[in-house]
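Examining the three-dimensional arrangement
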Amino acid sequence: MKSRKIYLYNDNCSLNLSKLKAFIENTFKRPVIIKRIKNAVVTKGLLLDFIKTKKNIPEAKNSYPIIITKRLFATFDTFDKRIHLRSSLCSYPSIISLSGIVEAPAKPREYYLAKQSLSSTGLWEFEEPKIKEKLRGRFIDYDDKRILEILKGLVSQAIFFYLTGEPFCKVKKCRLYNAHWQEDLIYSQIKSGKFCAKHSKIL
Ligand SMILES: [Zn+2]
């Protein structure tokens, strides 16, 4: 198991993953190989087709494969019987979506309240940029420079899943915190940007 390498698959992303590679190698002391790949993540509508996606990752058996994709995807939750947008999925392969980082965790409540009150008036498309400007810093938007920091945490969660079976941590200041709100995500990955005492010790 110890000899397994981490493969980072860059699926249609313009992002340079070399800093992410350096972070993983420093943190987990394991070699990381970056591979470019096209259209690896397959969806039906928004719903992830995991079987087809897995088939696109040939080395999945002998490595820890992590796909970083632009594609937005959702999974079906058998518990609440609903489809949920995802920023990441820990599995073989693990999948992290850049669009999912923007779309899946909830934005501040003010954003949805404004959207709700303005949608019926037809003014939302004019007002949305103003609301976004007002809430700037409290959520991640497309092409946000902070996405790299967020990726460090989501990739760490995938690697902890491979190494220990448990990707998440309950401590909010830990990079393994499973954030459902953008503000929590920013807190865990940027304001804190560290691992808790327990996970630092494991590392
Ligand atoms: Zn932790």
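Refer to the structure printed above.
Overview of the structure. Here the structure is a predicted model, which is why all the values come from computation and not from measurement.

Some remarks on the nonpolar core
- Counting residues in each nonpolar core, the largest one holds 43 residues, and the members touching the most others are L8, I66, I68 and V155.
- Within the residue set of this core, elements represented by two or more residues are β1 (5–11), α1 (18–28), β5 (63–69), β9 (94–97), α3 (98–103), α6 (147–164) and α7 (182–192).
- Among the elements that line this core, the one with the most residues is α6, at nine residues.
- Ignoring anything within four residues of it in the chain, the contact list for L8 reads L17, L20, K21, V32, I34, I66 and I68.

Remarks on the pairing of strand β7 (residues 82–86)
- In the sheet, strand β6 (residues 73–77) pairs with β7 via five bridges, with the strands oriented antiparallel. Opposite F76, over in β7, you have I83 as the bridge partner.
- Where β6 hands over to β7, the hairpin turn is made up of four residues, of which K81 adopts a positive phi near 55 degrees.

Thoughts on unusual backbone geometry
- The peptide bond linking Y92 to P93 adopts the cis configuration, its omega dihedral lying at 0 degrees.
- One can find P93 in the loop between β8 (88–89) and β9.
- Unlike most non-glycine residues, N12 shows phi in positive territory, near 60 degrees.
- Residue position: N12 is located in the loop between β1 and α1.
- On the neighbour-count criterion, N12 (15 C-beta atoms within 10 Å) is partly exposed.

Looking at the environment of S63
- Mapping S63 onto the fold places it in strand β5.
- Look at S63 and you get partly exposed, because 18 C-beta atoms sit within 10 Å.
- Distance from S63 to L151, taken between C-alpha atoms, is 19 Å for residues 88 residues apart in sequence.
- Leave out the neighbours within four places in its chain, and S63 touches R4, K5, I6 and Y7.

A short note on α7
- When α7 is considered as a whole, its buried residues turn out to be Q182, L185, I186, S188 and Q189.
- Buried positions along α7 lie against α6.
- Phi for G193, located one or two positions after α7, is positive at around 65 degrees.

The rules behind each value
- Here the residue numbers are simple positions, counted from 1 along each chain's written sequence.
- At least 70 in pLDDT is required for a residue's local features to be given in this predicted model, at least 80 for side-chain atom pairs to be given and counted, and no such filter applies to totals for whole chains, interfaces and linings, which use all residues.
- By convention the nonpolar core is taken to be a set of buried residues drawn from Ala, Val, Leu, Ile, Met, Phe, Trp, Tyr and Cys and joined through C-beta atoms within 7 Å.
- Working definition of burial: number of other C-beta atoms within 10 Å of the residue's own, with buried at 20 or more, exposed at 12 or fewer, and partly exposed in between, all C-beta atoms being placed from the backbone.
- Think of it this way: any DSSP run of H or I at least four residues long counts as a helix, any run of E at least two long counts as a strand, and we number them from the N terminus.
- Residue pairs qualify as contacts under a 7 Å threshold applied to their C-beta atoms, which are placed from the backbone.
- DSSP bridges decide pairing: two strands pair if at least two such bridges lie between them.

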